[in-house]
There are 2 protein chains.
Amino acid sequence: MKKEIITLKKLAQILELSTSTVSRALNDHQDISEATRKRVKNLAQSMHYVPNIFARGFRKHKTNIIGVIVPNITHYFTTTIVRGILEEAKLKGYRVIISESNNDTAKQTEMLNTMIQFGVDGILVSLTKMTKDIDTVLQTLNKCPLILFDKVSNKIPCTQVTINDEEAAYSAIEHLINIGKKRIAIIKEREFSYTSEKRYAGYLKALKDHNIEIDEKIIISVDDISTQQGKRMTNHLLSIKKKPDAIFAITDSSAVGVIQTLKKFNIKIPEEIAVVGFSNSRFSTIIEPNLTTVDQPGETIGKNAVKYLIEEIENTTDTISNKMIEIKGTLIIRDSTFKV
Amino acid sequence: MKKEIITLKKLAQILELSTSTVSRALNDHQDISEATRKRVKNLAQSMHYVPNIFARGFRKHKTNIIGVIVPNITHYFTTTIVRGILEEAKLKGYRVIISESNNDTAKQTEMLNTMIQFGVDGILVSLTKMTKDIDTVLQTLNKCPLILFDKVSNKIPCTQVTINDEEAAYSAIEHLINIGKKRIAIIKEREFSYTSEKRYAGYLKALKDHNIEIDEKIIISVDDISTQQGKRMTNHLLSIKKKPDAIFAITDSSAVGVIQTLKKFNIKIPEEIAVVGFSNSRFSTIIEPNLTTVDQPGETIGKNAVKYLIEEIENTTDTISNKMIEIKGTLIIRDSTFKV
DNA sequence: TATTTTTATGCAAACGTTTGCGGGAACGTT
DNA sequence: AACGTTCCCGCAAACGTTTGCATAAAAATA
């Protein structure tokens, strides 16, 4: 079952060199002659030598592992980000360990701790909903390079990678206006959600820029933005006197709820009420009518996140950078808003 | 930026004990007195001591990391398994590193190699589609505990965790028969897919048991079971003389394609043609009519997979076990097959 | 009291790698 | 000939933990 394991020492023995020379040769250290470097590398290759990661990590205090924490690994958008992370990390020679916080702040801090204990070189985190525990994040911030992605927070001074939520939302609303909608409702999350707030800002700005009245009655906030809530809130929106002629659901899954209940009441989409979501998730082309939504290039986000993280890891100066990276999302127009 | 790091030695110094005693106390070694054990543990706790994983792994040749390889991390069902894996692993004190093979056999073997080089304690793999490279898997099999889940293969002698595909498919078909269907088509993958073959077997058995003729013309095999293919194949099925009155799509995403094209031709579902899928993915309640499908408890699969893996890791004897674990999936009946 | 046994602890080596330092050989410079 | 450089390479220590072995103290036995 066990294969004999070859070490630097063994190589050195065979080559009649010291382990240090062998080590240096393998690491392309400058004061090793070309001749011996070749000799060493050849033998190493032919004997399938692989350095013992743990000895090395132990010695160099570097693990080449980055930790990732996401609220819910089950979300399609999250998985596309993860895919990007995995790909880029692999490219750069890093391994990735993933944890799921389940939107539980306590779990999140625990994971943060476990990870730095474990000795990851850096951490990528997408925050839980109610991240009032900024403290733990701040703490880990000066123990270990950390950058935020997707669910970020402006209260944490570190680099963050997101969609250009505000602009994307702006263009979505502008599109609704362009097709003639004048009373546009929004279903968003409460204040705790940075992403939601950004999209909300885009909503407000678009309305203002087009001189459309802002009516609090059709600005709906929910704690948990789900299909269920989408349904409930549309029911509510349909019960008020001046019904909206469009609904911007901050999220595809809630948009699904919106569409489903509109259909239940035989309301024509988009003629009577248009709907737009956000994410371009799988179901946007399955629900009928197909959902207008903004596509978020998850892989790009993931790749950028690790790119900046590794930059920070390998940057020896102790300054924590805090760039704000915005990846462009693009509006995809489908039947739920088509101009009739 | 760097916090002082506390080691066994420091603890020992403070406590005026030797490092060995401290180490043993922390590890609940038997010949440490209760008193000092307490003393040590208390201090360790209050000083937030955490063992250096790399020193330990280096010393003990144990990493407490398990590797996971999946073909596509983007599939909802896969993510539910991953969730189960993460949860169970955390519970048992293991960390998880994940890689995505993208259904690329070469990548898969590369990942297998990287992982054992890296020193994971065990590997969990869901095979790529065309796994003709059984060899690499077999090789890693005697370097490192490995168990298969979801996409498995009977050609690899190790323990495997899957859905009870055959029985589940059987019950799905039986359900179709019960609602009066007599000409049931199946859209499946080609022979390379173990899972698909199992479901196909269930299909055949159900038909046989109910004395229904088996017609090759409505047994469709495709290379890549997707929504696209679902559409194409329904088009094909609708073109033959004796049309089916039900379609069993081996997979939800292909079932979506089936339903979409049936609707395009205004064929009544389920009256004219009933549809059943497999997976209970998100879209089964979004597509209309809602899809009858079999629910696969992904988390349970994930948990079981790590359970058996850890069992094997911690089992000192060198025998490779090869249990076949089947987790029960359950048929969920929705509108796409409702008896009228 | 003398002895063995038990209990609790310390010593020191080992794991495989990297790296600061030191030094011999070869070469070039005065 | 004496000196300074440059080029290669080896020695040995260090990283933090675990663990076999030794041993002192305490307890039990004779």
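Residues numbered from 1 in each chain as written. Chains lettered and ligands numbered in written order. Predicted model: local features only at pLDDT ≥ 70, side-chain atom pairs only at ≥ 80, totals over all residues. Heavy atoms only, no water.

In the nomenclature of an unreviewed UniProt entry, chain A is known as LacI family transcriptional regulator of Flavivirga rizhaonensis.

A. Seen up close, the sheet that holds strand β6 (residues 184-189) of chain B. Residue and element names in this part refer to chain B. Taken together, the 4 strands give an open sheet; going across it, the order is β7-β6-β8-β9, and neighbouring strands pair in parallel fashion. The two strands at the open ends of the sheet, each matched to only one other strand, are β7 (219-222) and β9 (274-276). Looking at each pair of strands side by side, their axes are set apart by 15° on average, direction ignored. As defined by bridge partners, β6 adjoins β7 across 4 bridges and the pair is classed as parallel. Looking at β7, one finds that isoleucine 187 is bridged to isoleucine 220. Helix α9 (residues 194-209) rests against β6, β7 and β8 (246-249) of the sheet, and its axis sits at about 160° to β6. (Pairing = 2+ DSSP bridges. Helix = DSSP H or I, 4+ residues; strand = E, 2+ residues; numbered from the N terminus. Axes fitted to C-alpha atoms, helices over the stretch in contact; angles between N-to-C directions. Contact = heavy atoms within 4.5 Å.)

B. Layout of the protein's contact with DNA strand D. Around DNA strand D, the surrounding shell holds 26 residues, and the nearest of these are Thr21 and Arg24 of chain A together with Leu8, Tyr49 and Arg59 of chain B. Near the protein, within 4 Å, the atoms of DNA strand D are sugar or phosphate in 50% of cases. In the model, a phosphate oxygen of DNA strand D is placed 3.0 Å from a nitrogen or oxygen of the serine 18 of chain A side chain. Between DNA strand D and the protein, one listed contact pairs a base oxygen with a side-chain N or O atom of arginine 24 of chain A at 2.6 Å. Of all elements in the fold, only α2 (19-26) and α4 (53-60) of chain A together with α2 (19-26) and α4 (53-60) of chain B reach the threshold of two or more residues within the surface near DNA strand D. Broken down by element, the surface near DNA strand D gets its largest block of residues, 5 residues, from α4 of chain B. When its residues are assigned to classes, the surface near DNA strand D shows 8 nonpolar, 10 polar and 8 charged. (Near = heavy atom within 4 Å. Polar contact = N/O pair within 3.5 Å; in protein donor to acceptor, adjacent residues only side chain to side chain. Nonpolar A, V, L, I, M, F, W, Y, C, P; charged D, E, K, R; others polar.)

C. Looking closely at the relation of the copies chain B and chain A. Least-squares fitting of chain B to chain A yields an RMSD of 0.5 Å, with the superposition described by an axial translation of 0.3 Å and a rotation of 180°. As the rotation angle and translation indicate, the two copies are arranged about a two-fold axis. Mapped onto chain A, 96% of the interface residues of chain B are again interface residues, and the two copies thus contact each other with one and the same surface. (Least-squares fit on C-alpha atoms with pLDDT ≥ 70 in both.)

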